[in-house]
Amino acid sequence: RATPNSSGRVEFPAGFLWGAATAAYQVEGAGAEDGRLDSIWDVFCRIPGAVHHGDDGMVACDHYHRYREDVELMKSLHLDTYRFSTSWARVVPDGRTVNPRGLDFYSRLVDELLEADIMPWLTLYHWDLPQALEEQGGWPARDTAYRFADYAAVMGDALGDRVPVWTTLNEPWCSAFLGYTAGVHAPGKKSPELGLAAAHHLMLGHGLAVETLRERAPQASLGITLNFTVSDPVDPDNPADVDAARRDDGMFNRIFLDPVLRGAYPQDILVDVAHLGLAELIEPGDLEIISTPIDVLGVNYYNGGAVAATPDPESATASGVPDGTAGPDGAREHDATGPVWETRSPNPVPDGVHPRSRGLPITDMGWEVQPEGLTRLLVRIQEDYTGPRGTALFVTENGAAYPDVVEQDGTVDDQDRLAFLDAHLRALKDAIDAGADVRGYFAWSLMDNFEWALGYAKRFGLTRVDYETQERTVKSSGRWYADVARDNAVPARG
Ligand code: PNW
């Protein structure tokens, strides 16, 4: 492999796209305006203890009313592209009837972006299923996949001529397994069977949506965003740990990669979950639909991890949570103030997969900072999955939560976040040098926002949001990133 890009100036290929990402429920607010009805997240937020501090997305960053100002902000950051999601609960509030006023918001946003010469990158589903559809079974019900395709058709008809890139789902792993198995995300269900059924129907919905968008937006690039981990056995000489890493990789990465890009679920995973009913849900033709060719694969990468077959004997709670980040005993069930680390592997595979600390630095999420994992991940996806099919790679999310310190004058000098981005961009360039066809990068996130079960307590933004005044202040990381985007290069470090 090429020498790691450790500190010199690093140039990116001509045309590389620089962006920032958000998601509807995390930034929009206007939760009950212009005909929007509840999504599963609105309902989940009302469950006492489900979300840190009882926070919800009713106001969030008020982006629904401030989108013009926010597009100005994007311009000031020199962004080539903006990745946002559309709220299904705004566009099709009851899951069946189109709400023109909701749809119109996205039309105005897209026009504003095009006017500013910022390419709209649209994600159809970033976790806000209309509650009406959850009440009819949610993602574990096959019908939801068809309702999703209907919603995709509505969006395609409305914006197909103006939006050049569409991704169907954001991180189906989170929707399926954090939502229906671990119960830490909406709708808060706790069943391995439901998680697997949700996963299959999310995949089916993805494939159906690609088919329908292909007709409605023949010029557009289409794809999906998956979230990934890089699982290393804590002891590579211990076959049980190696098997734990295999299962972690299987239930996190391959269970989505393989059906989408190879047209089949991984055989070892089908064997592992044979008693949980996945195979019985697959109808003839499903995998052909799921593997409908895509043009882009979105890669979300925050961290990898070392895993073991057994809990850490030295950890007091034996939960595998790294030292110093464990929440109060027993507080992890429905009080998400503790680290999200543990939710990284609530997979339905029979035996546990136990995260182990490697002593690497961690972010405010408790996630290990492991930039080199991004290089390995991108090269592997290129070689094993996307390369043979000619599917382009984009890093659609990468970033870090840190507890920002606000200076007297309101500025935030977040050198920790800046260093995180710097290291990951160098790692990304290493992957390009090693042959990965990576065409763009989106920082998570354009601005601080509603961090799901952790509420407003965790800040990922390039821009600080004061939730009292809704004032936006670009952080040091944001100013640094603006230069990177302008110069198409990461400046020398130091
Ligand atoms: C992603 N995990 O979520 C989402 O796409 C964003 O909406 C979110 O704000 C961002 O990452 C930061 O969390 C994840 O537990 C949430 O492994 C949890 C996990 C992974 C991704």
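Quick notes on the rules
Residues numbered from 1 in each chain as written. Predicted model: local features only at pLDDT ≥ 70, side-chain atom pairs only at ≥ 80, totals over all residues. Heavy atoms only, no water. Near = heavy atom within 4 Å. Polar contact = N/O pair within 3.5 Å; in protein donor to acceptor, adjacent residues only side chain to side chain. Helix = DSSP H or I, 4+ residues; strand = E, 2+ residues; numbered from the N terminus. Nonpolar A, V, L, I, M, F, W, Y, C, P; charged D, E, K, R; others polar. Salt bridge = Lys/Arg side-chain N within 4 Å of Asp/Glu carboxyl O. Contact = heavy atoms within 4.5 Å. Expected span 1.5 Å × (residues − 1). Bend = angle between axes of the 7 residues up to and from the residue. Buried < 20%, exposed > 50% of the residue type's maximum accessible area, 1.4 Å probe, protein only. UniProt positions renumbered as here; feature names shortened; annotations may be inferred. Axes fitted to C-alpha atoms, helices over the stretch in contact; angles between N-to-C directions. Parallel < 35°, antiparallel > 145°, perpendicular 65-115°, else oblique. Left-handed = near helix turned anticlockwise from the far one by under 90°. Pairing = 2+ DSSP bridges. Phe/Tyr/Trp six-rings, centres within 6.5 Å; stacked < 30°, edge-to-face > 60°. Lys NZ or Arg CZ within 6 Å of the ring centre and 35° of its normal.

This part is about the site of the ligand. Close contacts around the ligand come from 18 residues, with Q26, H126, E397, E451 and W452 the closest. The contact in question runs from an oxygen atom of the ligand to an N or O atom on the side chain of H126, over 2.8 Å. Top contributing element to the shell around the ligand by residue count: helix α8 (residues 172-180), with three residues. Grouping the amino acids of the shell around the ligand by side-chain chemistry returns eleven nonpolar, four polar and three charged.

Turning our attention to the pattern of salt bridges. Per the stated rule, a full pass over the model turns up 45 salt bridges. Among the ionic pairs, R9 bridges to E11, the shortest N-O distance being 3.1 Å. A salt bridge links E112 to R68; the shortest N-O distance between them is 3.6 Å. With E112 in helix α5 (residues 100-115) and R68 in helix α3 (residues 63-76), this pair connects stretches of sequence that are 44 residues apart. Among the ionic contacts, a cluster of salt bridges with common partners joins D243, R246, R247, D249, R254, D268, D272 and R380.

The next subject is the side chain of D249. Mapped onto the fold, D249 is located in helix α10 (residues 239-262). Reaching out from D249, the side chain makes a polar contact with the side chain of R380 at a distance of 2.8 Å. What D249 contacts, discounting residues up to four positions off in sequence, is S231, R254 and R380.

Taking 1.5 Å of rise per residue, 14 residues should cover 20 Å, yet α3 covers just 17 Å from first to last C-alpha, more than 12% shy of that figure. In α3, a bend of some 45° at E69 exceeds every other bend along the element. Listing the buried residues of α3 in full gives H63, Y64, Y67, D70, V71, L73 and M74. H78, located one to two residues past α3, shows a positive phi value of around 60°.

Attention now goes to the UniProt feature "active site" (unreviewed entry) in the protein chain. Per the UniProt record, the feature "active site" (unreviewed entry) sits at E397. By secondary structure assignment, the location of E397 is in strand β11 (residues 392-397). Sequence-distant contacts of E397, defined by excluding residues within four places in its chain, comprise R83, H126, N170, E171, V299, N300, Y301, Y302, F442 and W444. One polar contact links E397 to R83, side chain to side chain, over a distance of 2.9 Å.

Before going further, it helps to spend a moment on the packing of helix α7 (residues 143-159) against helix α9 (residues 192-216). Two numbers describe how α7 lies on α9: the axes approach to 8 Å, and their chain directions differ by 30°. It follows from the interaxial angle that α7 and α9 lie roughly parallel. Considering the relative orientation of α7 and α9, their crossing is right-handed. Each of A145, Y146, F148, A149, A152, A153, G156 and D157 in α7 lies in contact with α9, whose residues at this interface are H201, L204, G205, H206, L208, A209, T212, L213 and R216.

Attention shifts here to the pairing of strand β8 (residues 296-301). In regular strands, side chains alternate between the two faces of the sheet. Where burial is concerned, most of β8 is hidden: six out of the six residues are buried. The two faces of β8 match: V296, G298 and N300 on one face and L297, V299 and Y301 on the other face are all buried. The sheet contact formed by strand β6 (residues 221-228) and β8 spans six bridges and is parallel. Directly across from L226, in β8, lies its bridge partner V299. Two elements, β8 and β11, share five bridges in a ladder whose sense is parallel. From the neighbouring strand, V296 faces β11, where its bridge partner is A392.

This next bit is on the packing of helix α14 (residues 371-386) against helix α15 (residues 415-433). The axes of two packed helices give the description: the angle between them and the distance between them. Axis separation between α14 and α15 bottoms out at 8 Å; the angle between their running directions is 30°. Viewed along their axes, α14 and α15 adopt a mutual orientation that is roughly parallel. α15 is crossed by α14, and the crossing has right-handed handedness. Contacts between α14 and α15 involve P371, L374, T375, L378 and V379 from the former and A423, H424, A427, L428, D430 and A431 from the latter.

Turning our eyes to something else, we now look at the environment of T463. Position of T463 relative to the elements: it lies in strand β13 (residues 463-466). For the pair T463 and M365, spaced 98 residues apart in the sequence, the C-alpha separation amounts to 18 Å. Setting aside residues up to four positions removed in sequence, T463 forms contacts with L73, L77, L446, M447, D448, R472, T473, V474 and K475. Among the polar contacts made by the side chain of T463, one reaches the main-chain carbonyl oxygen of L446 at a distance of 3.0 Å.

With the rule as written, the count across this model stands at 35 aromatic pairs. Arranged with centres 5.6 Å apart and planes meeting at 20°, the rings of Y82 and F84 form a pair that is stacked. As far as the burial class goes, Y82 and F84 line up, both buried. On the basis of an interplanar angle of 70° and a centroid distance of 5.0 Å, the ring pair of F105 and Y106 is categorised as edge-to-face. Overall, F105 belongs to the buried group, its relative accessible area being 0%. Here a set of aromatic residues connected by ring pairs shows up, and it is made of Y25, W41, F44, W127, F450, W452, Y456 and Y467. When the ring centre of Y385 is taken as origin, the NZ or CZ atom of R262, which lies over that ring, is 4.2 Å away.

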